[in-house]
Amino acid sequence: MTADTKNKRILVIGALGQIGSELTAALTEKYGNDAVVATDIRIPDHKTDFLFLKLDILDKDALFQVISQYRIGTVYNLAAILSAKGEQQPQLAWEINMKSLLNTLEAARELSLEKVFWPSSIAVFGPSTPRVHTPQNCEMDPSTVYGISKLAGERWCAYYAKKYGIDVRSLRYPGLISYKTLPGGGTTDYAVEIFHEAVKKGRYTSFLREDTALPMMYMPDAIRATLSIMDAPGESIKIRSSYNLAGISFTPGMLSAEIASHIPSFQCDFQPDFRQEIADSWPQSIDDSEATKDWGWKPGFDLSGMTREMIMHIREYYTEKV
Ligand code: NAD
Ligand code: AKB
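Residues numbered from 1 in each chain as written. Chains lettered and ligands numbered in written order. Predicted model: local features only at pLDDT ≥ 70, side-chain atom pairs only at ≥ 80, totals over all residues. Heavy atoms only, no water.

Another aspect to go through is the site of ligand 2. For ligand 2, the full set of nearby residues is Leu 82, Ser 83, Ser 121, Ile 122, Tyr 146, Gly 175, Gly 186, Thr 187, Thr 188 and Trp 282. One of the backbone nitrogen or oxygen atoms of Thr 187 is found 2.7 Å away from an oxygen atom of ligand 2. Taking Thr 188, its side chain carries an N or O atom lying 2.8 Å from a nitrogen atom of ligand 2. For ligand 2, whose accessible area on its own is 250 Å², the fraction buried by protein is 93%. If you map ligand 2 onto the pockets, it falls in the largest pocket. Partitioned by chemical class, the residues of the shell around ligand 2 number four nonpolar, six polar and no charged. (Near = heavy atom within 4 Å. Polar contact = N/O pair within 3.5 Å; in protein donor to acceptor, adjacent residues only side chain to side chain. Areas by Shrake-Rupley, 256 points an atom, 1.4 Å probe, with all protein chains shown as cover. 1 Å grid on protein atoms, 1.4 Å probe; cavity = no way out; pocket = protein on both sides within 12 Å on 5 of 7 lines; lining within 4 Å. Sits in = over half its atoms within 2 Å of the grid points. Nonpolar A, V, L, I, M, F, W, Y, C, P; charged D, E, K, R; others polar.)

The next point concerns the packing of aromatic side chains. Applying the stated criterion across every chain, the model contains 12 aromatic pairs. Look at Trp 295 and Trp 297: their rings are 6.4 Å apart centre to centre, the planes differ by 40°, and that puts the pair in the tilted class. Just as Trp 295 is buried, Trp 297 falls in that class too. Sitting over the face of the ring of Phe 207, Arg 275 holds its NZ or CZ atom 3.4 Å from the ring centroid. (Phe/Tyr/Trp six-rings, centres within 6.5 Å; stacked < 30°, edge-to-face > 60°. Buried < 20%, exposed > 50% of the residue type's maximum accessible area, 1.4 Å probe, protein only. Lys NZ or Arg CZ within 6 Å of the ring centre and 35° of its normal.)

This paragraph deals with the layout of surface pockets. If you add up the space inside the largest pocket, you get close to 870 Å³. Those elements that provide at least two residues to the lining of the largest pocket are helix H1 (18-31), helix H3 (83-88), strand S6 (120-121), helix H5 (145-164) and strand S9 (175-177). Ranked by residues supplied to the lining of the largest pocket, first place goes to H1 with three residues. Residue composition of the lining of the largest pocket, grouped by class: 21 nonpolar, 12 polar and six charged. (Points joined across faces, edges and corners; volume = space filled by probe spheres on them. Helix = DSSP H or I, 4+ residues; strand = E, 2+ residues; numbered from the N terminus.)

This brings us to the site of ligand 1. Every one of the 25 residues lining ligand 1 counts as a neighbour, but Gln 18, Asp 40, Arg 42, Tyr 146 and Lys 150 are closest to it. Note that a nitrogen atom of ligand 1 is positioned 2.9 Å from one of the side-chain N or O atoms of Asp 56. Within the backbone of Ile 57, a nitrogen or oxygen atom sits 3.0 Å from a nitrogen atom of ligand 1. Here ligand 1 has 820 Å² of accessible area as a free molecule, and 93% of this is covered by the chains. If you map ligand 1 onto the pockets, it falls in the largest pocket. Those elements that place two or more of their residues in the shell around ligand 1 are H1, S6, H5 and S9. Across the shell around ligand 1, the residue classes tally to 14 nonpolar, seven polar and four charged.

Moving on, we come to H5. It helps to recall that an α-helix has 3.6 residues per turn; residues three or four apart then point in one direction. Here H5 is 20 residues long and its end C-alpha atoms lie 27 Å apart, about the 28 Å a rise of 1.5 Å per residue gives. Buried residues of H5: Val 145, Tyr 146, Gly 147, Ser 149, Lys 150, Leu 151, Gly 153, Glu 154, Cys 157, Ala 158, Tyr 160 and Ala 161, and no others. Here the buried face of H5 lies against H3, helix H4 (90-110), S6, strand S7 (168-169) and strand S8 (171-173). (Expected span 1.5 Å × (residues − 1). Contact = heavy atoms within 4.5 Å.)

Glancing now at H1. The terminal C-alpha atoms of H1 lie 21 Å apart, and with 14 residues this matches the ideal 20 Å at 1.5 Å per residue to within 8%. Of all 14 residues that make up H1, 10 are buried, and the element is covered over most of its length. For H1, the set of buried residues is Gln 18, Ile 19, Gly 20, Glu 22, Leu 23, Thr 24, Ala 26, Leu 27, Thr 28 and Tyr 31. Two residues or fewer past H1, Gly 32 is found with a positive phi of approximately 100°.

Attention now moves to the confidence of the model for the chain. Any residue range with low pLDDT should be treated as having predicted coordinates unsuitable for detailed reading. For the chain, the average pLDDT comes to 97, and 98% of its residues sit at 70 or higher. Model confidence for the chain, summarised as mean pLDDT per element, is weakest for helix H11 (residues 303-321) at 95 and strongest for S8 at 99. Here residues 1-5 is a poorly scored stretch, pLDDT under 50, and it has eight contacts once near neighbours within four places are set aside; other chains count. (pLDDT = per-residue confidence, 0-100.)

Another aspect to go through is the pattern of salt bridges. Going through the model one piece at a time under the given rule, you end up with 17 salt bridges. Lys 200 is the partner of Glu 197 in a salt bridge, and the nearest nitrogen-oxygen pair spans 3.4 Å. Pair noted here: Glu 197 and Lys 200 are both in helix H6 (residues 190-200), with a separation of three residues, about one helical turn. Each of the salt bridges in this network shares a partner with another, and the network as a whole consists of Glu 106, Arg 109 and Glu 110. (Salt bridge = Lys/Arg side-chain N within 4 Å of Asp/Glu carboxyl O.)

Quick look at the side chain of Asn 244 now. Here Asn 244 is to be found in strand S12 (residues 243-244). Note on Asn 244: relative accessible area 1%, which makes it buried. Engagement of the side chain of Asn 244 in a polar contact is seen with the backbone oxygen of Pro 135, the distance being 3.3 Å. If near-sequence neighbours (up to four positions away) are discounted, Asn 244 is found in contact with Phe 125, Thr 134, Pro 135, Gln 136, Arg 172, Ile 286, Asp 287, Asp 288 and Ala 291.

This is how it looks when you write it as structure tokens:
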């Protein structure tokens, strides 16, 4: 354990989600099973080697109780409704995304948490944003309720950092690609679904157009970035809203061609739905030079490395299932 987790535990909220499941594993590996308390509004379908509690982050009293009872020092709050699902239930998305963050920031203030991690997203950008190599600071006019909640959340993080000295750290994750847990209702989900369908059926129908470039990242890079920003000395974190973070930028056409280089019979069709409009409002690539400058960020995976690993792991998954 490092000094900041010596006596206090780490709380993960939303631990069963696409990021939470892998971040919890990385945190227990790094700090030990006893150092981590994993929570979600759902319960896991398997036994865990670390403490797992059912917790609704909207229940502020329950959150405060868990933080006090388990001597929590650091909180990773991953509970949210993502972009596509949020457009189906805008009021609910606003309620969950804002209240979960405000409850966490209030816990940090009232219970003197050491550190908070809360993720933002490329969804904070909108149609007026420069779409190529999108800078850290530029015009931001998100057009989804998810993006509006993330932009407002970023401002709340900066406010709590300035006004109350809360050590809150945040990343604007791109679309994340992983094989361990399915994504939870975003616009970038096609880039995970395509691998499962390619391996299972040899074909996929993309809900985004063939030429829609979006910023993406393979999960191991996202986990490394998260641990890295949380480990960085406080004085090197100059941005308290949220850092731009870049991995790989590609289109559904480019991804399906890369998959076809491993599965030659693979066929992909393109039938855009309501998610196309969301994707069209987001950047195509991101300038993350502030993250590189302030805490040394550098992505590790390119399109071919990510595709190779995804196909290998998803093949293993379906082979073991048979
Ligand atoms: P996810 O939907 O896979 O997981 C979210 C988890 O939160 C789920 O397990 C869900 O059960 C839980 N949850 C929902 N409501 C809750 C509540 N009231 N109390 C406690 N838990 C609750 O999402 P994810 O992809 O893991 O994303 C995690 C965070 O990262 C979110 O803030 C999301 O906006 C952000 N993010 C994700 C991506 C991505 O591509 N996955 C990209 C950018 C930002
Ligand atoms: C989504 O598509 O909603 C997420 C995100 C980029 O925030 N994957």
